[in-house]
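For reference, the chains in residue letters:
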Amino acid sequence: MGLITKFSRIFQRDKYEEANYLSLVLASDRVVALIWTFDEGQVKELGFSRKVFTNVDLLLHQTAVAIDTAGEQAKVNCQKTVFGLSSYWMEDGELSSKSTKILKKLSDELELDPQAFIPLPAAINHLLKIEKFPSPQVVAIGIFGARIKQAFCEIHLIDKNKVIKTLTTQLPPTAQNLQRLVEELAQDDHTLPARIIIYGINENEPLAQKIADID
């Protein structure tokens, strides 16, 4: 579905002046930098880069490299930054105190001008509305870190334009483990929608297909 590269579309032109923007999407194992602007009311992508990191100590360096690479493609520099954050960085739907310190240091040292900090499930919900899915009802599953053996998975129940429930795990992202989490979403009398969105891995990977077959 390309949720990472489409992240900037959750913003409307009348909310900001016309300019270049940087979207930084942070998960547990990667940082994605996307530089974009508005062109006749539409979002135009100018530069893109993705870098992985194995621990937070490498985050600053890899983020700087990702921004530089995207900037070289875009042939522009920009400081206005929108952060999209995996649940790895959140606590009860808000930035954790540890994440706040890390992101402040990141912004200060890279001279970024943060415009917003947005949880990925909220961005997904908004993107679905933009793409004309009225009152989207989906289970969104994000899978990160599997290839570097630092698994982090997040599962969100989105219904009636709200993120109803979020669960996370650091267990290996097998179809069985994820199905157990999906079933846990149904507790508290929640009805599970039939539609599943998977992000963080390629949709052609065998695991993605196994997840799509979850009842």
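Everything below is about the structure printed above this text.
Computed from a predicted model, the values in this text were never measured in an experiment.

Undergrad: Is there a simple way to explain the overall build of the protein in this structure?
TA: The secondary structure content of the protein amounts to five helices and eleven strands. Among the 215 residues that make up the protein, the fraction classed as buried is 46%. A separation of at least 24 residues holds for 61% of the contacts in the protein among residues at least 6 apart in sequence. Accessible area for the protein stands at about 11,500 Å²; split by element, carbon and sulfur atoms hold 47% of it.

Undergrad: Mind showing me how you'd approach the side chain of Thr-63 here?
TA: Turning to its location among the elements, Thr-63 is positioned in helix α1 (residues 59-74). Setting aside residues no more than four positions away along its own chain, Thr-63 makes contact with Leu-24, Val-31, Leu-106 and Leu-110.

Undergrad: What exactly am I supposed to notice about the pairing of strand β1 (residues 20-26) here?
TA: Among the seven residues that make up β1, six are buried, leaving the element largely enclosed by the rest of the structure. Strand direction decides the pairing type here: β1 and strand β2 (residues 30-39), joined by seven bridges, are antiparallel. From the neighbouring strand, Tyr-21 faces β2, where its bridge partner is Trp-36. Connecting the antiparallel pair β1 and β2 is a turn made up of three residues.

Undergrad: It is not clear to me how the sheet that holds strand β8 (residues 138-144) should be interpreted in this structure. Could you clarify?
TA: Two modes of strand pairing occur in sheets, parallel and antiparallel, and in both the strands are linked by backbone hydrogen bonds. Here we have four strands laid out as an open sheet, ordered β10-β9-β8-β11, and mixed in their pairing. The sheet terminates laterally at β10 (162-169) and β11 (196-199), the two strands that pair on one side only. Strand-to-strand twist across the sheet, computed as the mean angle between neighbouring axes with direction ignored, equals 15 degrees. Most of the contacts of helix α3 (residues 120-130) go to strand β9 (residues 152-159), to which it runs at about 40 degrees, and overall it touches β8, β9, β10 and β11. Sheet contacts for helix α4 (residues 175-185): β8, β9 and β10; angle to β9, the most-contacted strand, approximately 30 degrees.

Undergrad: How should the packing of α1 against helix α2 (residues 97-109) be read in this particular structure?
TA: A pair of packed helices is characterised by two quantities: the angle between their axes and the separation of those axes. Direction vectors running N to C along α1 and α2 enclose 45 degrees, while the axes themselves pass 11 Å from each other. On the basis of their axis angle, the class for α1 and α2 is oblique. As for how α1 packs across α2, the hand of that crossing is right-handed. Here Leu-59, Leu-60 and Thr-63 of α1 lie close against α2, whose contacting residues are Ile-102, Leu-106 and Glu-109. Counted by class, the contact of α1 with α2 contains four nonpolar, one polar and one charged residues.

Undergrad: Honestly, unusual backbone geometry in this entry has me stumped. Any pointers?
TA: Peptide bonds are, in most cases, trans, and in most cases residues other than glycine have a negative phi. The phi torsion at Lys-75 lies on the positive side, around 60 degrees, for a residue other than glycine. Owing to a relative accessible area of 73%, Lys-75 belongs among the exposed residues under this scheme.

Undergrad: It is not clear to me how the packing of aromatic side chains should be interpreted in this structure. Could you clarify?
TA: The relation between two aromatic rings is expressed through the spacing of the ring centres and the mutual angle of the planes. Applying the stated criterion to the full structure yields six aromatic pairs. With a centroid separation of 5.5 Å and 90 degrees between ring planes, the pair formed by Trp-36 and Phe-38 is classed as edge-to-face. Across this residue pair, the class does not change: Trp-36 and Phe-38 are buried. For the ring pair Phe-144 and Tyr-199, a centre distance of 6.0 Å and an interplane angle of 65 degrees mean the geometry is edge-to-face. In this pair, Phe-144 is assigned in strand β8 and Tyr-199 in strand β11, connecting sequence segments 55 residues apart. Looking at Phe-144, the relative accessible area reads 2%, which means it is buried.

Undergrad: What's the story with the sheet that holds β2 in this structure? I'm lost.
TA: Spatially, β3-β2-β1-β4-β7 is the arrangement adopted by the five strands of the open sheet, whose pairing is mixed. Because the sheet does not close on itself, it has two edges, and the strands there are β3 (42-52) and β7 (113-119). Averaged over all pairs of adjacent strands, the angle between their axes in this sheet comes to 20 degrees, without regard to strand direction. Here β1 runs beside strand β4 (residues 80-85); their pairing, made up of five bridges, is parallel. Residue Leu-24 lies in a different strand from β4, and its bridge partner there is Phe-83. Taken strand by strand, α1 contacts β1, β2 and β3, and its axis lies near 140 degrees from that of β3. Against the sheet, α3 makes contact with β1, β4 and β7, and its axis sits at roughly 80 degrees relative to β7, the strand it touches most.

Definitions and cut-offs
- Residues numbered from 1 in each chain as written.
- Predicted model: local features only at pLDDT ≥ 70, side-chain atom pairs only at ≥ 80, totals over all residues.
- Heavy atoms only, no water.
- Helix = DSSP H or I, 4+ residues; strand = E, 2+ residues; numbered from the N terminus.
- Buried < 20%, exposed > 50% of the residue type's maximum accessible area, 1.4 Å probe, protein only.
- Contact = heavy atoms within 4.5 Å.
- Areas by Shrake-Rupley, 256 points an atom, 1.4 Å probe, with all protein chains shown as cover.
- Pairing = 2+ DSSP bridges.
- Axes fitted to C-alpha atoms, helices over the stretch in contact; angles between N-to-C directions.
- Parallel < 35°, antiparallel > 145°, perpendicular 65-115°, else oblique.
- Left-handed = near helix turned anticlockwise from the far one by under 90°.
- Nonpolar A, V, L, I, M, F, W, Y, C, P; charged D, E, K, R; others polar.
- Phe/Tyr/Trp six-rings, centres within 6.5 Å; stacked < 30°, edge-to-face > 60°.

No statement about biological role is implied by the geometric values presented.
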